[in-house]
Structure formats: C-alpha cells, structure tokens
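One letter stands for each residue in the lines below.
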Amino acid sequence: MDTPLSLLLNRAMGKAHPVYASMELTYTCNLACRFCYNPVQRKNQPRTIPPPAPSGEPLRFEEIIRLLDDLREMGVLYLTLTGGEPILHPDFWAIAYAAKERSFALRVFTNGASLTERTVERLAHLAPNCLEMSLHGATPGTAEALTQTKGSFERQIRALEWLRARDLRVFLKVVVTRLVEHELETIKAIGSRFGYPVFYDPVLTPSDDGQEYPLELKPSDEAIQRLYSASGLNIGNSPFEREPGQYHCGVGSGTIAVDPYGNIYPCVQWKEPVGNVRHGSLREMWEHAPLLEQVRAVSRALPTQLMTSVRDQAYCFHCPGLARLQTGDPSKPYTQALRVARIRREVAEKEIPLNGIETVSAAAHSD
C-alpha cells in the first residue's frame, strides 16, 4: 500500500535523487558464515579462485567524514552501516555519531555475536533508526554449522536480551539455507519472545566476485512454499503488481553504495565501480558517470521487459545486480528469481491472499 513517504521516495528515485546509501565499513568479521558474499577468504569456502586483492588502503576516518558530508549535501535520507561486522571498525562509534549529527536515518547491520552489554548500552545512547540483526539458526548446532564459530548462538541470544532490555528497535533477518529451513518456525518464535519481527530471504547470492559456493546451501522448494503460504511465516502471499514504466528498483537512481576502500557502486548487489571517492567528486559521479546512466536505463526498462519475458513476472523479485553477476546480463532473469516466482505463484493459486497484504521480501530490508 502506498503511503505519503513511499510516494515521495518513489518520486525522488524517479528523478534519480539518491535516497539510500550503504557504507561497508570493513570486511572484518568475528564469524565465518559459509554463505558470506564479501570478496574475502573466510574459513572453508570452496572457492575456485582466490578473492581479489584490496583495491587500496581502507578509507581513513577523515575521508569517511567527508563522504558523510557529501551524502548529506546530496540529500540522502537513509544511511546503512554494514560490513563484515561494522561495529568492529576501529572508528565505528565516531562514524555512527557523525552520521547521527548529520541527521541521517541510521541503520546498523550486525550479526549480534559481537555485541556486549556495554556495546548495547552505547547503541541505546546512539539511538539508531533501527538495528538489523542476522540469525543463523534456532539452535547452537545449526547456527554454529553456518557461522563456523563456537558459542555464536548463545552470544546472539544474550545480545537479544540486552537489546530488548534497552528497548532498541530491532529487525531480525534470516538467510534461508538448507541447514536452517527446518527451524524457521522456531526462529520466528525467538523473535516473538523478544518482540522483534523476523524477515526471511530465500535467495542466496554468489560472492561479490562471482564465486557460487553460497548457492550450495540453497533451500528446498518446500521451505520456500512455507514462507509464502497463508499459514506460513511471511505476511500474506499476494503478488505485487507493476505497470509498464514503473521503476523496478532504485539501483543507481535512489541507492548508492561504498565499499571499505572508497569504491562507489550503483547498489550493494551491482558491484561494478562507478568511481572512487579519492579520485573525484561524489556528486559529479552521481550526475554524470556513464555507467550510472546505463544502470538507470536498465532499471527503467525492466518492468516492461519482465512483463513480456517472465511468465510469473508479478511474483518475481528480480534483482538486476544479481542478474548481472549470475548471467552477465542485468535484464536476464536468473534461476533463483524464477524459482521463487514460480513457487509464489503456485502458492497463491491455491490460497486466498490474507487481507490483500503483499508479501514482504527480506531483500527489501537489506542493501
């Protein structure tokens, strides 16, 4: 359902006004998740080639502050600090407070296992717009099989207790893998216990450098059906309708992403650099980079193209960044999107939508 805010944001993106910015502060992490998409080597990743070397030195604190000033001057509203585990960045707190001082609606992504009671106290003082925390299982065995880190599940549960006590606004996120798919209801119960909503994402992504090892953990059709059934875990199951000419997503039009080395991307999934903040004006890149003009043209054309090329287009969460990574063509539907669309349609044909409420995709809650 359209709201005044959503209409405003859609209008801004239609005019290529940046609304959302995502900053990957660091690829350092205290976990070693088997499906991690960061372009770095983590434990037991069945890579066929090594990850790429860093493109330079990480941004210095003063460079990050200048970047925040540029984003504010451009009118960005929502800023996400992510990683890796962003809280492990040595200047995380100074960066987060600088973002708040510049009036961004601040989101912080965390795995929760790095949080201590003192850290949660500092987060409560920071008062971000929201904290988005990943859960990787409902039991220690499942969580540790995915994070490859002893004690990670217990640390996450303690973190939830501290966050609830401090009354922080938290969203829980679950990447649905074949290891966790039998615990989805139990994870939802954990969220309910603490009063936090849970969002599920059934689409695993290749690593940013194109390695497909995360896809080995993709969930079963039955698990995805449970996600989108009326008695299932997400809210409702009705398709979202699109009209020709509507924007399919905000890639390169409403979103902008920055990696730890200052490279600028159309979004967190379209990892083709537009430029680097050390070598040019962010505004100049946003307004004149040829790549962004190409990306915006793709985004504008996608709704009409999907209507003619995908049988289940009304149910299809097509991500052009993922399509580019998996097929080489941002407009070409990729296997995972088609699979989820087919399952959503099959579920919807068997059931009456719940109050006409659209299914919420976890992809809408991540960058």
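Residues numbered from 1 in each chain as written. Predicted model: local features only at pLDDT ≥ 70, side-chain atom pairs only at ≥ 80, totals over all residues. Heavy atoms only, no water.

Q: Honestly, the overall build of the protein chain in this entry has me stumped. Any pointers?
A: The number of helices and strands found in the protein chain is 12 helices and 9 strands. Here the C-alpha atoms of the protein chain give a radius of gyration of 20 Å, agreeing with the 21 Å that 2.2 N^0.38 yields for 367 residues. With respect to the three principal axes, the spread of C-alpha positions in the protein chain is 55 × 45 × 45 Å. Looking at the 367 residues of the protein chain, the share that counts as buried comes to 55%. Across the protein chain, the fraction of contacts at a sequence separation of at least 24, relative to all contacts at a separation of at least 6, is 73%. Roughly 16000 Å² of accessible area belongs to the protein chain as shown, and the carbon and sulfur atoms make up 53% of that amount. A gap of 2 Å separates the mean positions of the 40 positive and 42 negative side-chain charges of the protein chain. (Helix = DSSP H or I, 4+ residues; strand = E, 2+ residues; numbered from the N terminus. Rg over C-alpha atoms; globule rule 2.2 N^0.38 Å. Buried < 20%, exposed > 50% of the residue type's maximum accessible area, 1.4 Å probe, protein only. Contact = heavy atoms within 4.5 Å. Areas by Shrake-Rupley, 256 points an atom, 1.4 Å probe, with all protein chains shown as cover. Lys, Arg positive; Asp, Glu negative; His and termini not counted. Charge placed at Lys NZ, Arg CZ, Asp CG, Glu CD.)

Q: Help me understand the pattern of salt bridges, please; the structure alone is not making it clear to me.
A: When charged atoms on two side chains of opposite charge get close, those side chains can pair. By the definition in use, this model includes 26 salt bridges. With its nearest N and O atoms 3.3 Å apart, the salt bridge here joins Glu 24 to Lys 271. Of this pair, Glu 24 sits in strand β1 (residues 20–24) while Lys 271 sits in the loop between β8 (263–265) and β9 (275–276), placing them 247 residues apart in sequence. Of the residues examined, Glu 24 reaches a relative accessible area of 4% and is grouped as buried. (Salt bridge = Lys/Arg side-chain N within 4 Å of Asp/Glu carboxyl O.)

Q: Would you explain the packing of helix α6 (residues 152–165) against helix α7 (residues 184–194) in this entry?
A: Helix-helix packing is characterised by the crossing angle of the two axes and by the distance between the axes. Direction vectors running N to C along α6 and α7 enclose 30°, while the axes themselves pass 10 Å from each other. In this view, α6 runs roughly parallel relative to α7, as classed from their interaxial angle. Facing α6, whose interface residues are Phe 153, Ile 157, Leu 160, Glu 161 and Arg 164, α7 presents Ile 190, Arg 193 and Phe 194. Partitioning the contact of α6 with α7 into residue classes produces 5 nonpolar, no polar and 3 charged. (Axes fitted to C-alpha atoms, helices over the stretch in contact; angles between N-to-C directions. Parallel < 35°, antiparallel > 145°, perpendicular 65-115°, else oblique. Nonpolar A, V, L, I, M, F, W, Y, C, P; charged D, E, K, R; others polar.)

Q: Is there a simple way to think about unusual backbone geometry in this case?
A: Backbone phi values are negative for most residues with the exception of glycine, while trans is the configuration of most peptide bonds. In this structure, Gly 84 follows Gly 83 across a cis peptide bond, with omega equal to 25°. The residue Gly 84 is located in the loop between β2 (78–82) and α3 (92–101) in this model.

Q: Sorry if this is basic, but what is going on with the sheet that holds strand β4 (residues 130–134) here?
A: Judged by pairing direction, the sheet is mixed, and its 9 strands sit side by side in the order β6-β5-β4-β3-β2-β1-β7-β8-β9 without closing on themselves. Looking at the sheet topology across the chains shown, the edges are occupied by β6 (198–201) and β9. (Pairing = 2+ DSSP bridges.)

Q: When you look at the nonpolar core in this model, what are you seeing that I'm missing?
A: Generally speaking, a soluble globular protein has its nonpolar side chains buried in company with each other. Counting residues in hydrophobic clusters, the biggest one holds 95 residues, and the most contacted among them are Met 23, Leu 71, Leu 79, Leu 81, Leu 163 and Tyr 200. Among residues more than four places away in sequence, those in contact with Leu 81 are Met 23, Leu 25, Pro 86, Phe 92, Ile 95, Ala 96, Leu 106, Arg 107, Val 108 and Phe 109. Listed in part, the 6 residues of the second largest apolar core include Leu 9, Met 13, Val 19 and Tyr 78. (Core = buried A, V, L, I, M, F, W, Y, C linked by side-chain atoms within 4.5 Å.)

Q: Can you walk me through the packing of aromatic side chains in this structure?
A: We describe a pair of aromatic rings using the distance from one ring centre to the other and the angle between the two ring planes. The final tally for this structure, using the stated rule, is 4 aromatic pairs. When the centroid spacing of 4.9 Å and the interplanar angle of 80° are considered together, the rings of Phe 92 and Trp 93 count as edge-to-face. We note that Phe 92, like Trp 93, is buried. Ring geometry for Phe 171 against Phe 199: centres 5.8 Å apart, planes inclined by 45°, an arrangement best described as tilted. Here Phe 171, found in strand β5 (residues 170–175), pairs with Phe 199, found in strand β6; they are 28 residues apart in sequence, far enough to count as distant. With respect to burial, Phe 171 and Phe 199 carry one shared label: buried. The ring of Tyr 265 is capped by Lys 271, whose NZ or CZ atom sits 5.3 Å from the centre of that ring. (Phe/Tyr/Trp six-rings, centres within 6.5 Å; stacked < 30°, edge-to-face > 60°. Lys NZ or Arg CZ within 6 Å of the ring centre and 35° of its normal.)

Q: Where do I start with the side chain of Thr 142 in this structure?
A: Take Thr 142: it is sitting in helix α5 (residues 140–147). Judged by its relative accessible area of 13%, Thr 142 is buried. Here Thr 142 is in contact with His 136, Gly 137, Leu 179, Val 180 and Glu 183, once residues within four sequence places are set aside.

Q: What am I meant to see in the side chain of Thr 177 here?
A: By the secondary structure assignment, Thr 177 is in the loop between β5 and α7. Given the relative accessible area of 0%, Thr 177 is considered buried. Residue contacts for Thr 177: discarding those within four places in its chain leaves Phe 35, Leu 146, Leu 204, Leu 217 and Pro 219.

Q: Looking at this structure, how should I read the packing of α5 against α6?
A: Across the interface, α5 lies against α6 with an axial gap of 8 Å and an inter-helix angle of 110°. Between α5 and α6, the angle falls in the class roughly perpendicular. Residues Pro 140, Ala 143, Glu 144 and Thr 147 of α5 pack against Ser 152, Phe 153 and Glu 154 of α6. Looking at the contact of α5 with α6 residue by residue, the classes come out as 3 nonpolar, 2 polar and 2 charged.

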